[in-house]
Each structure stands twice: as C-alpha cells, then as structure tokens.
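Spelled out from the first residue to the last, the chains are:
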Amino acid sequence: TNHKSWMDSEIIEPHVGYKKVLVTGGAGFIGSHVAEELLARGDDVVIIDEINDYYDVRIKESNLKQLQDAYPEKGRVTIYRGDICDRDLMEKIFMNENPKWICHMAARAGVRPSIQDPFIYIHSNITATTLLMELSHKYGVENFVFASSSSVYGGSKSAFFSEDEVVDYPVSPYAASKKTCELLAYTYHHLYQLNVTGLRFFTVYGPGGRPDMAPFKFIDRVSRGVEMQQYGDGSSSRDYTYIDDIVDGVIRSIDRQHNYEVFNLGKGEGTSLKKFIGLVQKHVGKKAIIELLPDQPGDVPYTCADVAKAKHMLGYTSLIPFEEGIRRTAEWYKKTYAVDDNEAEIVEQEIIRSPVS
Ligand code: NAD
C-alpha cells in the first residue's frame, strides 16, 4: 500500500506571535534569506557566522550589510562572528540573547570538497550541530530547525525520494555528516524531548545563490561566454528548488513545534541537465560553450523530492516554476554583476562541485 507513517500524525498548529530566532549561517545564501523574511514579519534575528572563505566572502559581507541597513534599529538584527563550535562564544550568545527558536543553517556544504577534506565537515556539521543541540537543551529552546540535505538519499534506488525510506547509504562525507546530524537530532529529542525538525533541501538556487553551485555557475559562464563543464551526458536530472520556496518551508517549520520530524523541501519535480542548460541559454540570451566531462564520484544521477509529507504536515507547496526561477536568477545576475561581455567582476572559484547538495 501507499500508506506512509506520517499520515496519522497530529497536524501541529503554527505558533503565531513574536519570536527571537538564532540563525546560524545567517551570512550565507539560505540563512540570509530566512533572516530577511523573519525580520520582515517582525521577528528579531540573532546571526552567528564565521564568514569562512568557502566562496567569496564579499558575498557574505554584503548579505549581512543588507540586513543591517534594512533594520538598523537596535535589537532587530544582532550579528556575532565566530565558529559555532566555539563553546564559550556560543554560551555567551545563549546567555546574552536567550533565543528560544533556533534555525541552524550553518554548515560546510558541497559534495566534492568533502571528499578532499572530510574533517572540516565533521567539525562544522557534526560537532557544531551537537553543541547547538546541547545548548538548546540546556537553555530551554522551544524549537530547533536545522538544514539537512537531499544528499542523504545518495545511494537510494528509488526515483522519488520519500522520508519514509530508510537511508543508510551516504555516498560522500558531506552526505554522511548530514545523516549523522539527523541521527543525533533524534537522540536529543529522545533524551531531552527537544523539539527538532530536519529539512532535506533539494538543490537550492535563486538570487544570491552560491557561486560554487551549478545554477549560478551556468548563468555566470554563459553570461560571460566562458566555457562551462557538463558532467555526464545531460540526461541526469535534479530537483531544483527556488529560494523563496525554501524560505517558506523553513519558516513553516520554525512556527510548528514538531517533536522530531524530517521533511523533504524540494520542488517535487526533476529537470534534466540538458533542459536546464537550454533554459539558461534562453534567459541569458547567449549560447553555452560546454566542456563534456564524465560523471564525478559522489554525484547522484537523479534527485526528486516527494514533498507530500511537507505538504500534509507543514502546508508547504512549491510555488515557483523552474523556468520562472531561472528567469529571475538570470535577471538578478545581470543586475548584480553588470556583465559587460567579458568583463565580469567575478572571482573565479577554485572549487568545481556537484550540483547535488
Ligand atoms: P552557505 O555556505 O551559503 O551558508 C552557510 C554559512 O555557514 C556560511 O555563511 C558559512 O560562513 C557559515 N558557516 C559554516 N561553518 C561555520 C562554522 N563552523 N561556524 C560559523 N559559521 C559557519 O550555504 P547555503 O547554501 O546557504 O546552505 C545552508 C544550509 O543548507 C547548509 O547547512 C547546507 O548544508 C544546507 N543545504 C543547502 C543546499 C543548497 O542547495 N544550497 C542543499 C541542501 C542542503
């Protein structure tokens, strides 16, 4: 039968009213967008970010500056810089700010770099999440929401990834670190009744998107007429999720205090690499120059989210069609980087990474 375990779960009503939310990784792509939305609706935000140089730090600095400029009043957005594994710093933040809602977005992302340097993923993903849950228990946090990833489905044989599937086959240290966070989250719920929700994001893109990820890279390379890499024959397909949909799903999760749940947040639809490149060409208005490369270790041939659980329990629906998302992203890119043929002000990224994360 198609009966899923969550179908009988109680539907949690959203908590309405003011919140002070600690957003870890709030200088990053997803964290800064979530912070912006929380601030817009009247919540206060505390950000902790180490602003590491995984990609151009100027992007992160500019994300923070935009938030501060938009909400200059004291207490609206408070920023701490440092490592979330620094226990003294984190204790100080919990004591000074007393946040009751945690939106934990900080992590080392990226599949391929995790194969090169797994230990940084153990540190920034596993140690960090454990410390945050430890402190959340100690300081009586109401709700702990954290970023997991579609990469936990890595070795799955199914075409449509559902949370009911037991996924025990991470194919990269990054995926293993996210799966470990989910396991520890269950433990913290079990031991201390911490309310925890893990969100498995499916390749997120949009304005402000990460320069190490395929959607940004493709738009950037095609805009500048620079050769881009295509891994595999173009038939591989991904579930790409527009940032606004992700922000909506994250905020719905912050507002509902589930005991322990994991949700897919995706579009619920795969797009082939071929079609993706076609749409980029259409909306950038130039032809792509493509270098064909074989599939990379750790890459997954397809990802597609089953979002029925998030729909049922969070009221989540993905609203932005893929083509519209690409159109908006290309438009943002043009405005931001003012591409003057071959004179874009982009810092070339050393890291070539899988579009799956
Ligand atoms: P991002 O790299 O833009 O943001 C992460 C932020 O965390 C960065 O600003 C970084 O400086 C900060 N950070 C990392 N380690 C830290 C540490 N030890 N201490 C303090 N700050 C630290 O990435 P993103 O795309 O915004 O991703 C947000 C979360 O979503 C991550 O957990 C990521 O693994 C997850 N995720 C993202 C995607 C995606 O497609 N973007 C997909 C699946 C999961």
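Residues numbered from 1 in each chain as written. Predicted model: local features only at pLDDT ≥ 70, side-chain atom pairs only at ≥ 80, totals over all residues.

- An unreviewed UniProt entry lists the protein chain under the name UDP-glucuronate 4-epimeras-like protein, with Fragilariopsis cylindrus CCMP1102 given as the organism.
- Per its UniProt entry, the protein chain bears the Sequence similarities (unreviewed entry) comment "Belongs to the NAD(P)-dependent epimerase/dehydratase family." (UniProt positions renumbered as here; feature names shortened; annotations may be inferred.)

## Re the pairing of strand E11 (residues 260-265)
Part 1 of the argument: Burial runs high along E11: five of the six residues are buried.
Part 2 of the argument: As judged from the six bridges shared by strand E6 (residues 196-201) and E11, these two strands associate in the parallel manner. The residue bridging glycine 198 from the neighbouring strand is valine 262, located in E11. (Buried ≥ 20, exposed ≤ 12 C-beta atoms within 10 Å, placed from the backbone. Helix = DSSP H or I, 4+ residues; strand = E, 2+ residues; numbered from the N terminus. Pairing = 2+ DSSP bridges.)

## Quick notes on the sheet that holds strand E1 (residues 20-24)
Part 1 of the argument: Strands sit in the order E3-E2-E1-E4-E5-E6-E11 across an open sheet of seven strands; the sheet is parallel. Of all strands in the sheet, those bounded by a partner on one side alone are strand E3 (77-81) and E11. The average undirected angle you get between the axes of adjacent strands in this sheet is 20°.
Part 2 of the argument: As judged from the four bridges shared by strand E4 (residues 101-104) and strand E5 (residues 143-149), these two strands associate in the parallel manner. Across the sheet, cysteine 103 pairs through a bridge with valine 145, a residue of E5.
Part 3 of the argument: Sheet contacts for helix H8 (residues 243-255): E1, E4, E5, E6 and E11; angle to E6, the most-contacted strand, approximately 170°. (Axes fitted to C-alpha atoms, helices over the stretch in contact; angles between N-to-C directions. Contact = placed C-beta atoms within 7 Å.)

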